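# Coordinate analysis (summary)
Letter by letter, the chains look like this.
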Amino acid sequence: MFRHQFKTLRATRRAPSFCRGDRGETHRASVRRQNEECCIWRPCQPRLHKGPLLSCPPPPPRITYPPPTPAKWPFLEPCYCLWVLVPQKEEFEHEVPGDLGPLQFVKLRKHHSLVDDAWFCDRITVQGPGACEEAAFPCYRWVQGDGVLCLPEATARLAGNNALDVFQRHREKELKERHKIYRWATWKEGLPLTIAAGCEDDLPANMRFHEEKRLDFEWTLKAGALEMVLKRVYTLLSSWTSLEDFDLIFWGQKSPLAEKVHQRWQDDELFGYQFLNGANPMLLRRCTSLPSRLVLPSGMEELRAQLERELQNGSLFEADFILLDGIPANVIRGEKQYLAAPLVMLKMDPSGKLLPMVIQIQPPSPISPTPPLFLPSDPPLAWLLAKTWVRNSDFQLHQLQYHLLNTHLLAEVIAVATMRCLPGLHPVFKLLMPHIRYTMEINTRARTQLISDGGIFDKAVSTGGGGHVHLLRRALAQLTYRSLCPLDDLADRHLLGTPGALYACDALRLWEITARYVEGIVHLFYHGDDVVKGDPELQAWCREITEVGLRQAQERGFPVSFQSQNQLCHFLTMCVFTCTAQHGAINQGQLDWYAWVPNAPCTMRMPPPTTKEDVTMATVMGSLPDVRQACLQMAITWHLGRRQPDMVPLGHHKEKYFSDPKAKSVLNQFQTDLENLEREITARNEQLDLPYEYLKPSHIENSVTI
């Protein structure tokens, strides 16, 4: 006699879950419908029978138990009655005669009814009698239609050579089915491939937002649109002739740091600080020589001497936006917009402040071989306008190169390749799945709402109207493997050990912690370099990312195969870091640094100045975004930069893909390391006027979800 205890657990935010079933023992079920209504399936008379799975009157998920014998397989089939209740816990017990034996698979399906409402299954676990170990069958998928989900026991397994092995047949069948569901598509020629989906409704069901996420995303868009309308009405009868007029729309959702930016955005110190710790800390580099494009005209010998002196001291830095040179600018509502490709030279003073020394708004050209240079000693409005052009250019590169391409599109390539090449039993699949949650849908929505024809970029951003695609192509040509790994990237930019570089400090610590986590998992399953080299699924996954998704990226240092444990660990660390910490560092700052529009204008409506004396307040206001564009910038940066209500912090995913206690121990250590880093960052930030919190582990989303 074997004791079966059916339990219904409280439904959680993650939509439904139906859990537990093994060797004829304990079953826990937590089920929630797609419409977020909590439903509890209460068992009636369970039956033990042999042969095909029998039908059940109501529409419950059903569990079958195939033992290792290939003949007549016994199935345990509880019958259920549906009760729609508020979330609660219930326990059920029943006895089943006979031993079901060790389970390798659980089959799960939902009874088909007139209304085919899908159910989400988290996992099924089974507790055997006495001291038997619990067996787990991860699912984390929607159960819908007439199909049967075949769930293997959770132990991670590498591919084998035995074609008769039941697990080998299962993984081959699974990948064949996934290839049909997860297909590559070309959004724009010359850019990374994407998931084949014209809109979010075309996505595979298991990659879609859950209901709470979808409702929040869509309602906040509507709330932002309503706020835009209110601000437009509020400013209808007001002038738009001075910087103070931006105060008329600087209300609503904003952060404490955004208020500080509002108060201090004109300060040179805050201007320089943003290159180290702002929304885009990825462009600054320490100079090893004076840039060739910096043409100093006669009469600026003193400036040259200052630059040379800072260069010798190792305290000269540059931010070069040359990637924007020649990118076509947008036309918004019939009005031409403008772009520039500035160069800014900065120095670090003994107190650690990074201060601008000179700004060249446009590079030399045949028309202007010696473009004007703007200095802190220039008329205040001329200097302010030059800095504003730099901030506008930083907005473009930040959003397109470092945010969209280097995190979102790269994460999508990783996600699609993972679904196409790695079966659910593979340890790398189990490692990566929590870090690709929602990525396909948020990117699909971006392609249909943000960077689409007529989308947000076309309506308000100076690189919209097609310029953004040109810029992305150029940026992809510069996307190297080294640039995605903080230690290599910071070394290449000569920023290691730079005082006050908080992003650099925290990124290195997070990379180190993530690397230990990845190595801990990898070494459990790959006991030598030969095992890595001999894994066909892993090697196919690597090629799929480099050669297919990233379009022959081996020319930029990406691997096409893994030859060692270390090489695999380094690449997987890059994947996890990109999908979590790097995206957090690049995404979260939008709300703080872009809410006050003059600090980072999305577009410029007048050409760059060629003289300093003619710059007036009318020139500045005529260059900055108009009311409509400014309101749109504030609304979208709040929508994209705010903390998500269903946010899952780094390393704290609820999905339990691994059943091995050693793998769980590695995850626990990862969480402990993150908690220790959290305390260190919190203590440091208490001593700072401008705390840097984007890489606090509790602020980092576990995947690219927004």
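Above: the structure in question.
Read on for an overview of the structure.

Here is what the cut-offs are and how they apply
Residues numbered from 1 in each chain as written. Predicted model: local features only at pLDDT ≥ 70, side-chain atom pairs only at ≥ 80, totals over all residues. Heavy atoms only, no water. Helix = DSSP H or I, 4+ residues; strand = E, 2+ residues; numbered from the N terminus. Buried < 20%, exposed > 50% of the residue type's maximum accessible area, 1.4 Å probe, protein only. Contact = heavy atoms within 4.5 Å. Areas by Shrake-Rupley, 256 points an atom, 1.4 Å probe, with all protein chains shown as cover. Patch = residues over 30% accessible without salt bridge, like charges linked within 9 Å, V, L, I, M, F, W, Y side chains within 5 Å. Salt bridge = Lys/Arg side-chain N within 4 Å of Asp/Glu carboxyl O. Core = buried A, V, L, I, M, F, W, Y, C linked by side-chain atoms within 4.5 Å. Pairing = 2+ DSSP bridges. Axes fitted to C-alpha atoms, helices over the stretch in contact; angles between N-to-C directions. Expected span 1.5 Å × (residues − 1). Phe/Tyr/Trp six-rings, centres within 6.5 Å; stacked < 30°, edge-to-face > 60°. Lys NZ or Arg CZ within 6 Å of the ring centre and 35° of its normal. Parallel < 35°, antiparallel > 145°, perpendicular 65-115°, else oblique. Left-handed = near helix turned anticlockwise from the far one by under 90°. Nonpolar A, V, L, I, M, F, W, Y, C, P; charged D, E, K, R; others polar. Polar contact = N/O pair within 3.5 Å; in protein donor to acceptor, adjacent residues only side chain to side chain.

### Things to note about the overall build of the protein
When you go through the protein residue by residue, the secondary structure sums to 19 helices and 22 strands. Residue burial in the protein is summarised as follows: out of 706 residues, 59% are buried. Within the protein, counting contacts between residues at least 6 apart in sequence, those at least 24 apart form 73% of the total. Accessible surface for the protein amounts to roughly 28,000 Å². Of this, 54% is attributable to carbon and sulfur atoms.

### Topic: a nonpolar patch on the surface
Together, Leu226, Leu230 and Trp251 give the surface a local cluster of nonpolar side chains, amounting to about 280 Å² of exposed area. Mapped onto the secondary structure, Leu226 falls in helix 2 (residues 211-234). The class of Leu226 is exposed, set by a relative accessible area of 52%.

### Regarding the nonpolar core
Ranked by size, the top nonpolar core spans 171 residues in total, and within it Phe275, Trp541 and Met574 carry the most contacts. Looking at this core element by element, the count peaks at 23 residues for helix 6 (residues 380-421). Sequence-distant contacts of Met574, defined by excluding residues within four places in its chain, comprise Leu410, Tyr481, Leu484, Cys485, Trp511 and Phe558. Counting 14 residues, the second-largest nonpolar core is a separate cluster that includes Leu316, Met357, Val358 and Leu373.

### A word on unusual backbone geometry
Positioned with a positive phi, His494 is a non-glycine residue whose angle comes to about 55°. In this fold, His494 is placed in the loop between helix 11 (486-492) and helix 12 (502-525). On the basis of relative accessible area, His494 is assigned to the partly exposed category, the value being 37%. Its identity as a non-glycine residue notwithstanding, Arg551 has a phi of 60°, on the positive side. Take Arg551: it is sitting in the loop between helix 14 (536-549) and helix 15 (565-587). Residue classification places Arg551 among the partly exposed positions, given a relative accessible area of 26%.

### So, the sheet that holds strand 22 (residues 373-374)
With respect to topology, five strands assemble into an open sheet ordered 16-17-20-21-22, the strand pairing being antiparallel. Two strands in the sheet have a free side with no partner beyond their single neighbour: strand 16 (285-286) and strand 22. Two elements, strand 16 and strand 17 (residues 316-320), share two bridges in a ladder whose sense is antiparallel. Across the sheet, Arg285 pairs through a bridge with Glu318, a residue of strand 17. In the packing of helix 6 onto the sheet, contacts are made with strand 20 (343-348), strand 21 (354-360) and strand 22, and the angle to strand 21 comes to roughly 90°.

### Re helix 10 (residues 467-478)
Taking 1.5 Å as the rise per residue, helix 10 with twelve residues should run 16 Å; its terminal C-alpha atoms sit 17 Å apart, in good agreement. Listed as buried for helix 10 are Gly467, His468, Val469, Leu471, Leu472, Ala475 and Leu476. Where helix 10 is buried, its residues meet helix 6 and helix 9 (456-460).

### Remarks on the packing of aromatic side chains
According to the stated counting rule, one finds 21 aromatic pairs in the structure shown. Ring centres of Tyr481 and Phe571 lie 5.8 Å apart, and the angle between their planes is 50°; on these two criteria the pair is classed as tilted. Of this pair, Tyr481 sits in the loop between helix 10 and helix 11 while Phe571 sits in helix 15; the two residues are 90 residues apart in sequence, bridging distant segments of the chain. Overall, the relative accessible area of 1% leaves Phe571 in the buried class. Clustering of aromatic rings is evident, with ring pairs tying together Tyr481, Trp541, Phe558, Phe562 and Phe571. A cation sits over an aromatic face here: Lys254 above Phe250, 4.9 Å from the ring centre.

### Regarding the packing of helix 6 against helix 8 (residues 439-450)
The interhelical angle for the contact between helix 6 and helix 8, taken along N-to-C directions, is 130°, at an axis separation of 9 Å. As the angle between them shows, helix 6 and helix 8 are arranged oblique. Pair helix 6 / helix 8 crosses with left-handed handedness. In this structure, helix 6 contributes His408, Leu409, Ala411, Glu412, Ala415, Val416 and Met419 to the contact, and helix 8 contributes Thr439, Met440, Ile442, Asn443 and Arg447. Classifying every residue of the contact of helix 6 with helix 8 by side-chain character gives seven nonpolar, three polar and two charged.

### Considerations on the environment of Thr603
In this fold, Thr603 is placed in the loop between helix 16 (589-593) and helix 17 (617-623). Under the relative-accessibility criterion, Thr603 is labelled buried at 0%. Between the alpha carbons of Thr603 and Ile332 there is a distance of 9.9 Å; along the sequence they are 271 residues apart. Not counting residues within four places of it along the chain, the set of residues in contact with Thr603 comprises Gln337, Asn392, Ala460, Val461, Ser462, Ser623, Leu624, Pro625 and Gln629. One polar contact links Thr603 to Gln337, side chain to side chain, over a distance of 2.8 Å.

### A short note on the side chain of Ser703
By the secondary structure assignment, Ser703 is in the segment after helix 19 (661-685). If near-sequence neighbours (up to four positions away) are discounted, Ser703 is found in contact with Pro434, His435, Ile436, Arg437, Cys579 and Thr580.

### Here's the deal with the side chain of Thr573
One can find Thr573 in helix 15. A polar contact is formed between the side chain of Thr573 and the backbone oxygen of Cys569, at a distance of 2.7 Å. Discounting residues that sit within four places of it in the chain, Thr573 has contacts with Trp511, Thr514, Ala515 and Val518.

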